[in-house]
Amino acid sequence: MSKISLWLFSGCGVAALATGFALNRHWIEAAIVTLAAGGWLAAQLIRTPLARLAGILALSGMVILGALENMPPTLIILAWSSLLAAWDLAEFRQRLAYSLDDAMRRRTETRHLQKLLLIIGIGASGALVIASMQLTLSFGSVLLVGLLSLAALGGLSLLLAQQAKIE
Amino acid sequence: MTRRLPWLLWLLFCLLLLGLATQKSLLLALMIPGLIYLGAAILANPEKIQVDIHREVDFDSTQAEDAAIATDPLNTADPQTQNRPAVGIRLTITNTGSMLDEVIVGDQIPSGFQLVDGTTTSLVTLPPGSSYTLEYSIQAVRGEYRNYAVTLTACESCGLFEKSIRSSAPFYLASKPVYTRIKPIRVRPPQTRGFAGPLAARSGGTGICFFTVREYQAGDTQRQVNWRLSARNDERIFTNVFEQERVADIGLILDARWQNHIVSQRGALFEHAVSATNALAESFLREGNRVSLLVYGSLEPYVYPGYGKRQLERIRQALTRAAPILNYALENLNELPIRMFPSGSQIVMLSPLLPDDLEMLAAIRSHGYAVLVISPNPLDFEEALAVSPLPNGVDYARRIVRAERAFLAQRLRDSGVHFVDWHVRQPLDTIIKQSHFAAHSARQTIMHYSRGGQA
């Protein structure tokens, strides 16, 4: 079940990205996305963590590029959410390889997929809502929000790193 | 924390910085799925792994004892790998703490164990209060096993955070040596003990084998009278005296010096020596003898003399623990505590032998002990490692070493030590039988001459 979901999410993400680039007539970018998708799929087959990471980073880069080149927001958010889910499933399948008990395997898979769909669904909806909002902010307020966000994200990173060290 | 988390954080940073720099709200909106994913992972991150670990060993000792005795007397396979009984391991993990979404249970089987059935690793979901049982079977090579650890790696469903614990549940397993049962060996120690047994006691009395004749004494039965000899004498009547049969003290010495430890593709020579020691101990004890064991070079060296099945069990336990050890203090036999063995007893030494061992063995013989050396041949064993055909120089070296060993064997025999050269590809029983027949025929010859002298 997780394997089909992985291919579905990967296909959905890549298709959304390629369609977005094709709609904007950026054929080279669409070709690069297709190539990166090929690399990502190969990484799934050869099961190398580094290749998997390289594939997801390349596709993320293409998502950012698409966002900068004014691709339709729905497609960008769909692509990004699908790729995030595919990345999660690829890692999950590595852990799932340890499970040899069929009943336990099915239970774990179902539970994981339910949680993932919920998280990604909420995330994508939230992103769509925010992308559709029109906010006009002054430079000062953007700077303030930006600095606060950076501080929050940086603080979170440091906290997690410290926790990992303590463990 | 897994290696995915830093990459996810970097992506979020990039989106934030690019969003702020380019004032593209879409880039900032793209952070939302990532942030929710991260938040869900933080919320589901297990606080602490609290589990009860219980390990059961499913081991039928009777079946194991049967399996330890090789049924085929001509079996010469590596004792480390043959006939090992499968041991079932059942590991039960009960979650006494909070919900554990995905736990990888990894049982770390100690070196010396071989997995024969099942798996030692599994991914499970453990709700609070639930249990999971991991079952598999192993085979263990000879030795004692006390350390058995299990690793639990729990991560939340997003796979960004993980916690790991390593726990050692109480465990003990002894995999005793496998041996081939051999026929009784008729040794002739200088002294025997007071109880009736199978060994010739070198003194007259009741028995089966003819010992000598003496003049008739009142009370002798007619069946004992040697009529032929009496007929040749006008005045006196002679009666036959038979050799008493007693049990004896047997001292087994297993050479565990590192210098003699030879490992080839066919296994370790030491394992053959251990197996043979076990077979000899069982054989001697079955005959009612008092047997002791010295593992020379080992840290726990001596099993005091004793009789019966319990003594066999003690010896088997000592052999289970026996391992070749590099000990510079015991690199030759000069430190052999021979006085630990009762005087006049039969010493049976199992050793590939080193050239310097000759003097000490001759000294033991001169102290009044009967010495039997069963020497697993290291040259044959090592030849499995050699490439074929042998280069010229190596072939000469091999011939020289063979000549040295033959010379050592001859000198041992000259000093009164009974030397048995055991090529481990041949069954021990056959080798001892051949050697025993050789000794028996020699004794018959001596007896024949002595009888001729009396006549």
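Above this text you will find the structure in question.
Bear in mind that the values here come from a model prediction, so they are computed numbers and not experimental data. Starting afresh in each chain, residues are numbered from 1 along the sequence in its written order. Chains and ligands are labelled sequentially in the order written, the chains with letters from A and the ligands with numbers from 1. In keeping with the model being predicted, local features are shown solely for residues with a pLDDT of at least 70 and side-chain atom pairs are shown and tallied solely at 80 or more, while totals for entire chains, interfaces and linings include all residues. Water and hydrogen atoms play no part in the side-chain values, which are based on all heavy atoms of the structure.

**Student:** I would appreciate a short explanation of the interface of chain A and chain B in the present structure.
**Tutor:** One frequent convention defines the size of an interface as the accessible area lost when the parts assemble. Residue contacts are defined here by distance: any two heavy atoms, one from each residue, within 4.5 Å place the two residues in contact. Counting residues at the interface gives 53 residues for chain A and 50 residues for chain B. Summed over both partners, the accessible surface that disappears when two parts come together, traced with a 1.4 Å probe, is what is meant by buried area. Interface area for chain A against chain B, summed over the two sides, is near 4600 Å², with a carbon-plus-sulfur share of 76%. Take a side-chain nitrogen of Lys or Arg and a carboxyl oxygen of Asp or Glu: if they are within 4 Å of each other, that pair is a salt bridge. Across the pair A:Arg111 and B:Asp101 runs a salt bridge, and its minimum N-O distance is 3.3 Å. Secondary structure elements follow DSSP: runs of H or I of four or more residues count as helices, runs of E of two or more count as strands, with numbering from the N terminus. Where the side of chain A that touches chain B is concerned, the elements lending two or more residues are helix H3 (49-68), helix H4 (73-96), helix H5 (102-132) and helix H6 (139-166) of chain A. The element contributing the most residues to the side of chain A that touches chain B is H5(A), with 14 residues. Three classes are used: nonpolar for Ala, Val, Leu, Ile, Met, Phe, Trp, Tyr, Cys and Pro, charged for Asp, Glu, Lys and Arg, and polar for all others, with Gly counted as polar. By residue class, the composition of the side of chain A that touches chain B is 33 nonpolar, 12 polar and 8 charged.

**Student:** I tried to follow the pattern of salt bridges on my own but got confused; where do I start?
**Tutor:** A pair can form between side chains of opposite charge whenever their charged atoms are brought close. All names here are of chain B. Tallying each qualifying case throughout the model produces 19 salt bridges over all chains. For Glu144, the salt bridge is made with Arg321, and the minimal N-O distance between the two is 3.5 Å. Within this pair, whereas Glu144 is found in strand E8 (residues 143-145), its partner Arg321 is found in helix H6 (residues 308-321), the two being separated by 177 residues in sequence.

**Student:** When you look at the sheet that holds strand E18 (residues 290-296) of chain B in this model, what are you seeing that I'm missing?
**Tutor:** The strands making up a sheet associate through backbone hydrogen bonding, with each pair oriented either parallel or antiparallel. Residue and element names in this part refer to chain B. At least two DSSP bridges between two strands are needed for those strands to be called paired. Sheet architecture is open: 6 strands sit in the order E19-E18-E15-E20-E21-E22, paired in mixed fashion. At either end of the open sheet lies a strand with only one pairing partner, and these are strand E19 (302-306) and strand E22 (418-422). Averaged over all pairs of adjacent strands, the angle between their axes in this sheet comes to 15°, without regard to strand direction. Sitting on the sheet, helix H5 (residues 269-286) touches strand E15 (249-255), E18, E19, strand E20 (346-350), strand E21 (370-376) and E22, and the angle it makes with E15 is about 170°. Fitted lines through C-alpha atoms give the axes, limited to the stretch in contact for helices. The angle between two N-to-C directions lies from 0 to 180 degrees. Each of E21 and E22 touches helix H9 (residues 392-414); the most contacted strand, E22, lies at about 150° to it.

**Student:** Would you take a moment to explain the packing of H5(A) against helix H2 (residues 25-44) of chain B for this structure?
**Tutor:** Describing two packed helices takes the angle between their axes plus the distance from one axis to the other. The geometry of H5(A) relative to H2(B) is characterised by a closest axis approach of 8 Å and an angle of 155° between their N-to-C directions. In terms of orientation, H5(A) and H2(B) fall into the roughly antiparallel class. Classified by chirality, the crossing of H2(B) by H5(A) is right-handed. Of the residues in H2(B), those in contact with A:Leu116, A:Ile119, A:Ile122, A:Gly123, A:Ala124, A:Gly126, A:Ala127, A:Ile130 and A:Ala131 of H5(A) are B:Leu26, B:Ala29, B:Ile32, B:Pro33, B:Ile36, B:Tyr37 and B:Ala40. Of the residues contributing to the contact of H5(A) with H2(B), the split by class is 14 nonpolar, 2 polar and no charged. Throughout, the term roughly parallel applies to angles under 35 degrees, roughly antiparallel to angles over 145, roughly perpendicular to angles from 65 to 115, and oblique to all others. Should the near helix be turned anticlockwise from the far one by less than a right angle, the crossing is termed left-handed; should it be turned clockwise, right-handed.

**Student:** Hey, could you run me through the pairing of strand E4 (residues 100-108) of chain B in this one?
**Tutor:** Across a regular strand the side chains alternate sides, sitting on one face of the sheet and then on the other. Residue and element names in this part refer to chain B. Burial classes follow relative accessibility: with a 1.4 Å probe on protein chains only, a residue under 20% of its type's maximum area counts as buried, one over 50% as exposed, and anything between as partly exposed. Burial of E4 is extensive: 8 of the 9 residues sit out of reach of the surface. As paired strands, E4 and strand E6 (residues 121-126) are joined by 5 bridges and run antiparallel to one another. Across the sheet, the residue bridging to Ile104 is Leu123, located in E6.

**Student:** Looking at this model, I keep getting lost on the sheet that holds strand E1 (residues 51-58) of chain B. Mind explaining?
**Tutor:** Residue and element names in this part refer to chain B. The strand order E1-E3-E7-E5 describes an open sheet built from 4 strands, whose pairing is antiparallel. Strand pairing shows two members of the sheet lacking a second neighbour, E1 and strand E5 (113-118), which therefore form its edges. Taking the axes of each pair of neighbouring strands and ignoring which way they run, one obtains an average angle of 30° across the sheet. Taken together, the 8 bridges between E1 and strand E3 (residues 87-95) define a ladder with antiparallel strand orientation. What sits directly across from Asp52, in E3, is Thr94.

**Student:** Can you help me understand the packing of aromatic side chains in this one?
**Tutor:** Residue and element names in this part refer to chain B. Two rings from Phe, Tyr or Trp (for Trp, the six-membered ring) form a pair when their centres sit within 6.5 Å of each other. Planes less than 30 degrees apart are called stacked, planes more than 60 degrees apart edge-to-face, and all others tilted. The final tally for this structure, using the stated rule, is 4 aromatic pairs over all chains. On the basis of an interplanar angle of 75° and a centroid distance of 5.8 Å, the ring pair of Tyr302 and Phe341 is categorised as edge-to-face. Of the two residues, Tyr302 sits in strand E19 while Phe341 sits in the loop between H6 and E20, which places them 39 residues apart along the sequence. Exposure class is identical for Tyr302 and Phe341. Each is buried. Three or more aromatic residues joined by ring pairs form one cluster here, namely Tyr302, Tyr304 and Phe341.

**Student:** Even after reading the chapter, I still don't get helix H7 (residues 357-366) of chain B, so can you show me in this structure?
**Tutor:** Note: α-helices contain 3.6 residues per turn, so residues at a spacing of three or four share the same orientation. Residues and elements named next belong to chain B. Looking only at H7, the buried set comprises Asp357, Leu358, Met360, Leu361 and Ile364. Check the buried side of H7 and you find it contacts E20, E21 and H9. Following H7 by one or two positions, Gly368 adopts a phi angle in the positive range, close to 100°.

**Student:** What is the right way to look at the nonpolar core in this model?
**Tutor:** Residues enter a nonpolar core if they are buried and are Ala, Val, Leu, Ile, Met, Phe, Trp, Tyr or Cys, with the set joined through side-chain atoms within 4.5 Å. The biggest cluster of nonpolar side chains holds 65 residues, and the ones touching the most others in it are A:Leu17, A:Trp40, B:Leu30, B:Tyr37 and B:Leu160. Looking at this core, the elements that each hand over two or more residues are helix H1 (2-23), helix H2 (27-46), H3, H4, H5 and H6 of chain A together with helix H1 (4-22) and H2 of chain B. Excluding anything up to four places from it in sequence, A:Leu17 contacts A:Val33, A:Leu59, A:Met62, A:Val63, A:Met71, A:Ala79 and A:Leu83. Residues B:Val187, B:Val348, B:Leu372 and B:Trp422 belong to the second largest nonpolar core, which totals 41 residues.

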